[in-house]
Amino acid sequence: MLAICSGLDYVSINYINIVCKTKDEADAWLEGLRNIFHNIRANNICPMMCLKKHWMRLGMMVDSGGKIPVKHIVRTFASGKTEKMVYSCLEEMGLPSGKGDSIEKDAFTFEKFYKLYHTICPRTDIDELYTSVTKGEHVSLAQLVNFMNEKQRDPSLNEILYPLYDEKRCMQIIKAHEPNEENIENKRFSKDGLLAYLMSDENAPVFLDRLDIYQDMDQPLSHYYINSSHNTYLSGRQFGGKSTAEMYRQTLLAGCRCVELDCWDGKGEDEEPIITHGKAMCTDILFKEAIIAIRDCAFVTSDYPVILSFENHCCKKQQYKLAKYCDEYFGDLLSKEALPDSPLVPGHHLPSPNQLKRKILIKNKRLKPEVEKQELELFLKGQLDLVDDDDAREDASQANPQPKEPKSNSCTTITTPVSQPSLEDDKPLTAEERAFLYYQYTGATTHVHPVLSSYVNYCQPVKFQGFDVAEEKNVHHNMSSFSETMGLGYLKTQAIEFVNYNKRQMSRIYPKGARVDSSNYMPQVFWNAGCQMVSLNFQTSDLPMQLNQGKFEYNGNCGYLLKPDFMRRTDKTFDPFAESPVDGVIAAQVSVSVIAGQFLSDKKVGTYVEVDMYGLPTDTIRKEFRTRMIPGNGLNPQYNEEPFLFRKVVLPDLAVLRFGVFDENGKMLGQRILPLDGLQAGYRHISLRTEGNFPMSLPMLFCNIELKIYVPDGLGDLMDALSDPRAFLSAQEKREEQMKAMGIEASDIDTKALKGGGGKAGGAKPAAGAKAGAGGKPGAGAGGKKEEEVVEYEPINLETLRSQKNFLKATKKQQKELESMRKKHMKERLSIQKAQCSAIEKLAKGKKDVMDDPKIKSLVSEQMKQWSEMMEKHRKEEWEMLKEHLKSQEDILKKLMEEEQAGQIKKMEAKHEQDMKDMKAQQAKAAMETAKDVNQDKTLKTKADRDRRLKEKNQNNTKRFIEERKISAMKQGKQKEKLKKVHDQQMTELTKDIQMAIQFYENTEAEYKMWNKMEFFC
């Protein structure tokens, strides 16, 4: 027997049992149906195929006569048009149109259904687009090439990997979709051909190769996001909910790769272990049933490893049954030992998904290796005591456990912080609320059976002791679990450390205990930190679950998504709260125009569309962009909204777009999650999904998506020139032609000597820095640069210093001292001269031959010696005084020079301080003008949009202001350093000049010593 399950979510399942004649026949049906149901491409078929599927469905909804009832066709279009119009259109097509009529299947061809669709739902949106492409009746080949390159292609794509459209490629599009052979021969596109192309697979909103496995699957497990489930067995609430093995089948078939099993001791004679949410009044299922369900569906959707997250509360005896059943039912699928290439040693990376293909990993506490080995040997010998005082059994059905004193080495009871029901006196509590009020979470046992322990390898849970401890240990196969509140706490305080931890080893996030209704937290913030297993309640089809399923639809829905490069590399640092572009990642700009909808509801209700973005906190924009309400038309509402602009997407790799369609009462009619990585630009039909992320047959949106590189304010012209230099140069050539028409020759135009933005570029556009501030007004704010005032400093030399009053006063005093000494010396010389003359005259009196007189000769000799000693003494005293004067002058000149230099430095500092004040004033003015420009910007319709734009501009301003101040500080520092060098050189020259003067006197003295020192006066 073959059971076929269907439904709009993972809980409300319908079963159709088919009895086959043989097992081979059942297996053939099973394989064929799985190939259809688990074909990811089948969930992303084009709108044209959706119309064909609906036409085929109408062909199967026949009456007893094998005909198609007209009322079924009318029901398809009843949400926007009156029934009379549908009947009238059928009558015009020559088909039965009575209320109770039926149509022959052969008569109701797809061509007639397609014509009926266009008659009842005219595509005025396509008409407007067609008119914008061509003014004539047809789109020429050249116009189609231009349309494809300008509108249908992301300009940031690599032109080698994603080449531009050329005539050959566009001709292929015409041949594939143009219904008129004459137009094909004439190389032109009709309106019908354009519509057929826009509704085809070639115009899918995402690159279809992203739906296949396209990522590198040979990286360590810690480098991937892993689709994960929390309390997988529950089909409803966390408290008092129902447990079912079917949830394991549904989650695994949906692409989940990590499921949770809360294992408890079973009751009764067989003592079969059970799975339930212990002590929360939930029903239970046999562990064996869950294992069988996992075995049957583990590798249907994906061949990549499945992780069983055990929360083990069983005694050792029943733990052995857990291990036994896993070994028995999984067989070779169970990963019992580490791979030879990936040993369980510190510092060694985890194995890759490819290495663990079709393997089931067990995540459970593991004994220390030496303890495990010893106990395993005892168990195999039958000597292991499986029951002791510490291994007390826990009763999973005990609703209100009383906390006990934990024993050493025993399992502990941890009270989960949950939001408790109100205890208002006038509002009595229900039995469930009262039970939940005293609910306490019981942690898993620390007593692990050695056999079960030996089955644990690459997912060994350990108590988290801190990021620094984990980094020091460097054990990649150790992992920790965090509640959402604890995870948010670590993100708040140690975000970068959390990211680095997730580069090396795995982490698991699970919902807080207060989510008794099985609601989900937003997973995006944890994906931003690189957390691998962000576990969600699959039974609840809320927004977080839609984001999860939309994200993991990529890469073949295999349950593994490779994290961005900078979240894997150890040499990169990433802050998940970054507001500026990440190193090596180009920020994007996304614009979404919601043009129209098709088949949004089967009722005549008003509809509107919300467009949100989720990613980094700075990229996340929600509940801001919504279209106007189109009343009473759920069939083909025309929104024609102004573009919703997501101006700056810092990290496109992690960002997703969410389209939500709602009726006038706020009820969701459909939604779609589209990751930005792989999103295609242009006019696209976006097929919608149910709340459970299942494809809807006809509902779709027609949107125009524009993808660009984010360009900061003031750099637009530069980016235009860089992205299209030919157009930039052609603008110069055009200007040259215009000047030539005015009689100006090309030889008269000089662009080589231009400064600023001219020169090589020709000056056609202002330089990036020419725009002021964020507003782009020339001369305003910090960007309006004025001519810099050059401060001139008079050179400080000895001539200027010696002309100063202090120096002149000192030298005058020294001159007086010198003259006084010289007068004294002269007086002494005159006195000695007089005495010597008198002595000779007295001795020579009365003698005729005085020249030969020995007495006179002796006296003259003594007098010469006396005179020479006196002159030597005078010269030395004068030289010493002159040298002392020079040294004194040096001190005075140095002091004067230091004063002059200090004055110049003070003048420079005053100039720098004034420049900084002027810069701050200009920056403040720029900030005010930015705020004014944002407030006056008519394109910013909401306060949130204005606040976000102002914040972005202020961030750009702040960055530029800091850079300007940094440059100014560096410039001032260089000026100070240059002036200091000049001052040092001046001081050196002064010292050198004085030393040369002193050296002169020392040289004179040395020369004197070499002379004949015998002197006499004449």
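Predicted model only: the values in this text are computed from it and were never measured.

1. Thoughts on the overall build of the protein chain
- Helix and strand content of the protein chain: 26 helices and 27 strands.
- In the protein chain, which comprises 1018 residues, the proportion classed as buried is 48%.
- Here the protein chain displays about 52,700 Å² of accessible surface, and carbon together with sulfur accounts for 52% of that area.

2. Let's talk about helix H6 (residues 124-133)
- For H6, the full list of buried residues reads Asp125, Ile126, Leu129, Tyr130 and Val133. The buried residues of H6 occupy one face: seen down the axis, they fall within an arc of 135°.

3. Digging into the pairing of strand E7 (residues 224-229)
- Burial runs high along E7: six of the six residues are buried.
- Here E7 shows two buried faces, one formed by Tyr224, Ile226 and Ser228 and the other by Tyr225, Asn227 and Ser229.
- When E7 meets strand E19 (residues 560-562), the two strands line up antiparallel, connected through three bridges. Of the residues in E19, the one forming a bridge with Tyr225 is Leu561.

4. Things to note about a negative patch on the surface
- A cluster of acidic side chains, namely Asp468, Glu471, Glu472 and Glu497, defines a negative patch on the protein surface.
- With three residues, the single largest contributor to the negative patch is helix H17 (residues 467-473).

5. A word on the packing of aromatic side chains
- Applying the stated criterion across every chain, the model contains 34 aromatic pairs.
- Where Tyr320 meets Phe379, the ring centres are 5.0 Å apart and the plane angle is 55°; that geometry is what we call tilted. Of the two residues, Tyr320 is situated in helix H13 (residues 316-330) and Phe379 in helix H14 (residues 369-380); the sequence distance between them amounts to 59 residues.
- Ring geometry for Tyr325 versus Tyr329: centroids 6.1 Å apart, planes at 50°, classification tilted. Within this pair, Tyr325 and its partner Tyr329 are both found in helix H13, separated by four residues, close to a single helical turn. As far as burial versus exposure is concerned, Tyr325 and Tyr329 are alike and both buried.
- Among the aromatic side chains, those forming a connected cluster through ring pairs are Trp55, Phe77, Phe108, Phe110, Phe113, Tyr114, Tyr117 and Phe599.

6. Things to note about the packing of helix H24 (residues 805-844) against helix H25 (residues 854-936)
- Relative to each other, H24 and H25 sit at 180°, their axes nearing to 11 Å. In terms of axis orientation, H24 runs roughly antiparallel to H25.
- Residue composition of the contact of H24 with H25, by class: 20 nonpolar, twelve polar and eight charged.

7. Let's talk about the pairing of strand E25 (residues 668-675)
- Counting buried positions over the eight residues of E25 gives eight, a clear majority of the element.
- Where strand E24 (residues 656-663) hands over to E25, the hairpin turn is made up of four residues, of which Gly666 adopts a positive phi near 85°.

8. Let's talk about the nonpolar core
- Tyr248, Leu261, Phe287, Phe646 and Leu657 are the most contacted members of the largest nonpolar core, which has 109 residues in total.
- In this structure Leu657 touches Val590, Val592, Val611, Asp612, Met613, Phe646, Arg672, Ile673, Leu674, Leu676 and Leu679, once residues within four positions along its chain are discounted.
- Val74, Val139, Ile173 and Ala596 belong to the second largest nonpolar core, which has 54 residues in total.

9. Brief notes about the environment of Ala655
- By secondary structure assignment, the location of Ala655 is in the loop between strand E23 (644-649) and E24.
- The sequence separation of Ala655 and Met613 amounts to 42 residues, and the corresponding C-alpha distance is 6.8 Å.
- Those residues in contact with Ala655 that lie beyond four places of it in its chain are Met613, Tyr614, Gly615, Val649, Pro675 and Leu676.

10. With respect to the confidence of the model for the protein chain
- The predicted model of the protein chain averages 84 in pLDDT, with 85% of residues at 70 or higher.
- The low-confidence segment residues 401-426 (pLDDT under 50) makes 43 contacts with residues lying over four places distant or belonging to another chain.
- Within the model, the stretch residues 756-786 combines pLDDT values under 50 with 64 contacts to residues more than four positions away or in other chains.

11. Thoughts on helix H2 (residues 47-60)
- With 14 residues, H2 should reach 20 Å at 1.5 Å per residue; the first-to-last C-alpha distance of 20 Å fits that figure.
- Elements that come into contact with the buried residues of H2 comprise strand E3 (68-69), helix H3 (70-77), helix H5 (110-120), helix H10 (191-198), strand E26 (682-689) and strand E27 (695-709).

12. A short note on the pattern of salt bridges
- Overall, the coordinates contain 34 salt bridges when judged by the stated rule.
- Three or more residues are tied together by salt bridges with common partners; here these are Asp209, Arg210 and Asp677.

Procedures and definitions
Residues numbered from 1 in each chain as written. Predicted model: local features only at pLDDT ≥ 70, side-chain atom pairs only at ≥ 80, totals over all residues. Heavy atoms only, no water. Helix = DSSP H or I, 4+ residues; strand = E, 2+ residues; numbered from the N terminus. Buried < 20%, exposed > 50% of the residue type's maximum accessible area, 1.4 Å probe, protein only. Areas by Shrake-Rupley, 256 points an atom, 1.4 Å probe, with all protein chains shown as cover. Arc of directions from axis to C-beta. Pairing = 2+ DSSP bridges. Patch = residues over 30% accessible without salt bridge, like charges linked within 9 Å, V, L, I, M, F, W, Y side chains within 5 Å. Salt bridge = Lys/Arg side-chain N within 4 Å of Asp/Glu carboxyl O. Lys, Arg positive; Asp, Glu negative; His and termini not counted. Charge placed at Lys NZ, Arg CZ, Asp CG, Glu CD. Phe/Tyr/Trp six-rings, centres within 6.5 Å; stacked < 30°, edge-to-face > 60°. Axes fitted to C-alpha atoms, helices over the stretch in contact; angles between N-to-C directions. Parallel < 35°, antiparallel > 145°, perpendicular 65-115°, else oblique. Nonpolar A, V, L, I, M, F, W, Y, C, P; charged D, E, K, R; others polar. Core = buried A, V, L, I, M, F, W, Y, C linked by side-chain atoms within 4.5 Å. Contact = heavy atoms within 4.5 Å. pLDDT = per-residue confidence, 0-100. Expected span 1.5 Å × (residues − 1).

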